[in-house]
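The residues making up each chain are set out below.
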Amino acid sequence: MTSMNRREYLTTTLGGFALMGAGSIASASSLLPLAETASSDGIRQDGIRQDNSSGNPATYTLPHLAYSYDALEPHIDAQTMELHHSIHHQSYVNGLNLALARLEQARETGDFALVKHWSKEIGFHGAGHFLHEIFWSVMSPDGGGKPKDADLKKAIDRSFGGFDAFEAHYVAASSAVEASGWGILAWEPTLNRLMVLQAEKHQNLSPMVTVPLLPVDVWEHAYYLRYQNRRADYVRAFMKVVDWEAVAERYHQARQVLG
Ligand code: MN3
């Protein structure tokens, strides 16, 4: 979502639109015995995190939809929309907040025995939350047809050879995802091109819509000659060579583009 679109989306969703089964800050907090209750004025109503007055990240919340559950009929039925948004998506939000709260506790106690479990929970629930947040925002009762935006049209033409070819590819790839998952039209910045991707499940790459700021390669080829089986030693060594200025630069760029 571009910043303009996100602003438009926020404007729409914050514009007094009827709230439909959306989880409130209070109910999210009540499910999180270990989470600090963020001040209500520190949380944007669309569920996008925002620093609260204490400087700690606020909890995630279910985004409000910019349309009613029956607005996408007959293409997507109202009952499916209500269950999908109010039950399924809410469970991702709750799971993400719980995992983050447990990891906060782990940092406080120094007990990281369950770090693998809770990290996987962030991957699963975080990817679920972020992808659904986009999913809702790219549907509209007035949707359909073809893109009108000249830049997007050009990008689709350049990347896929035309809209019809893209659509056939997107539908085929999305339909052929093995078991559960997503079909995703994605922007690849290196060659500035679009790609159609499949995501089986959604957590294997951790939350996909997060922007990698500091990746560390933990495949054995990255450390085995020097560290053999001592991967933690390698990661600690890696921390001694991190270029934090470069990381900060990526952070600022990402916020500029996507914030
Ligand atoms: Mn879903």
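Small disclaimer: the values here were computed from a predicted structure and weren't measured. (Residues numbered from 1 in each chain as written. Predicted model: local features only at pLDDT ≥ 70, side-chain atom pairs only at ≥ 80, totals over all residues. Heavy atoms only, no water.)

This paragraph deals with the coordination of the manganese ion. Surrounding the manganese ion are the protein donor atoms His84 (NE2) and His132 (NE2), which sit 1.9 to 2.2 Å from the metal. Of this pair, His84 sits in helix H3 (residues 78-109) while His132 sits in helix H4 (residues 115-137); the two residues are 48 residues apart in sequence, bridging distant segments of the chain. You can call His84 partly exposed: its relative accessible area is 22%. Using a relative accessible area of 4% as the deciding quantity, one classes His132 as buried. (Donors = N, O, S within 2.8 Å, 3.2 Å for Na, K, Ca; no water. Helix = DSSP H or I, 4+ residues; strand = E, 2+ residues; numbered from the N terminus. Buried < 20%, exposed > 50% of the residue type's maximum accessible area, 1.4 Å probe, protein only.)

Bridging between strand S1 (residues 181-188) and strand S2 (residues 193-200) involves 8 bridges; their strand directions are antiparallel. Among the inter-strand pairings, Gly181 is bridged to a residue of S2, identified as Glu200. Connecting S1 to the next strand, S2, in antiparallel fashion are 4 residues, including Asn192 with a positive phi near 50 degrees. (Pairing = 2+ DSSP bridges.)

What follows deals with the layout of surface pockets. One number sums up the size of the second largest pocket: a volume of about 220 Å³. In terms of lining residues, the second largest pocket is bounded by His84, His88, Tyr92, Phe124, His132, Phe135, Ser180, Gly181, Trp182, Lys201, His202 and Gln203. Secondary structure elements with two or more residues in the lining of the second largest pocket: H3, H4 and S1. When grouped by side-chain class, the residues that make up the lining of the second largest pocket number 4 nonpolar, 7 polar and 1 charged. In terms of domain composition, the lining of the second largest pocket takes at least three residues from each of domain 1 (6-63 + 75-137) and domain 2 (150-258). (1 Å grid on protein atoms, 1.4 Å probe; cavity = no way out; pocket = protein on both sides within 12 Å on 5 of 7 lines; lining within 4 Å. Points joined across faces, edges and corners; volume = space filled by probe spheres on them. Nonpolar A, V, L, I, M, F, W, Y, C, P; charged D, E, K, R; others polar. Domains from an automatic or database assignment.)

Looking at the chain as a whole, the pLDDT averages 78, with 76% of positions reaching at least 70. No element of the chain has a lower mean pLDDT than helix H2 (residues 25-30), at 31, and none a higher one than H3, at 96. This model gives residues 1-52 a pLDDT under 50, and the stretch forms 88 contacts once residues within four places in sequence are excluded. (pLDDT = per-residue confidence, 0-100. Contact = heavy atoms within 4.5 Å.)

Moving on, we come to the packing of aromatic side chains. Counted under the stated rule, the structure contains 10 aromatic pairs. With centroids separated by 5.9 Å and ring planes inclined at 85 degrees, the aromatic side chains of Phe135 and Trp182 adopt a geometry described as edge-to-face. Highlighted residues: Phe135 in helix H4 and Trp182 in strand S1, separated in sequence by 47 residues. With a centroid separation of 5.2 Å and an interplanar angle of 45 degrees, the aromatic rings of Phe160 and Phe166 are classed as tilted. When its relative accessible area of 15% is taken as the criterion, Phe160 is described as buried. (Phe/Tyr/Trp six-rings, centres within 6.5 Å; stacked < 30°, edge-to-face > 60°.)

Our next topic: the nonpolar core. One finds Tyr60, Leu62, Val93, Leu96, Ala99, Leu103, Trp118, Ile122 and Phe130 forming the largest nonpolar core, which totals 9 residues. Where this core is concerned, the elements lending two or more residues are H3 and H4. Per-element accounting of this core gives the leading share, 4 residues, to H3. (Core = buried A, V, L, I, M, F, W, Y, C linked by side-chain atoms within 4.5 Å.)

Next up on the list: H3. With 32 residues, H3 should cover 46 Å at 1.5 Å per step; its first-to-last C-alpha distance of 45 Å lies within 8% of that length. Of all bends in H3, the biggest is about 30 degrees, found at His84. (Expected span 1.5 Å × (residues − 1). Bend = angle between axes of the 7 residues up to and from the residue.)

Let's shift gears to the packing of helix H5 (residues 150-160) against helix H6 (residues 163-175). Between H5 and H6, whose axes approach to 8 Å, the crossing angle comes to 70 degrees. The orientation of H5 relative to H6 falls into the category roughly perpendicular. Residues Ile156, Asp157 and Phe160 of H5 lie in contact with H6, whose contacting residues are Phe163, Ala165, Phe166 and His169. Tallied by class, residues from the contact of H5 with H6 come to 5 nonpolar, 1 polar and 1 charged. (Axes fitted to C-alpha atoms, helices over the stretch in contact; angles between N-to-C directions. Parallel < 35°, antiparallel > 145°, perpendicular 65-115°, else oblique.)

Residue Pro74 follows Glu73 across a cis peptide bond; omega there is 0 degrees. Here Pro74 is to be found in the loop between H2 and H3. We note that Ala179 has phi near 60 degrees; this positive angle belongs to a residue other than glycine. Structurally, Ala179 can be placed in the loop between H6 and S1. The class for Ala179 is exposed, based on a relative accessible area of 74%.

The next point concerns the environment of Ala176. Position of Ala176 relative to the elements: it lies in the loop between H6 and S1. Overall, the relative accessible area of 51% leaves Ala176 in the exposed class.

The subject of this paragraph is the pattern of salt bridges. For the structure shown, the criterion picks out 3 salt bridges. Notably, a salt bridge pairs Asp233 with Arg236, separated by 2.9 Å at the nearest N-O pair. With Asp233 and Arg236 both in helix H8 (residues 231-239) and 3 residues apart, this pair spans about one turn of that helix. Asp233 gets classed as partly exposed once you look at its relative accessible area, which sits at 27%. A residue is classified by how much of its surface remains accessible, and Arg236, at 51% relative accessible area, is exposed. (Salt bridge = Lys/Arg side-chain N within 4 Å of Asp/Glu carboxyl O.)

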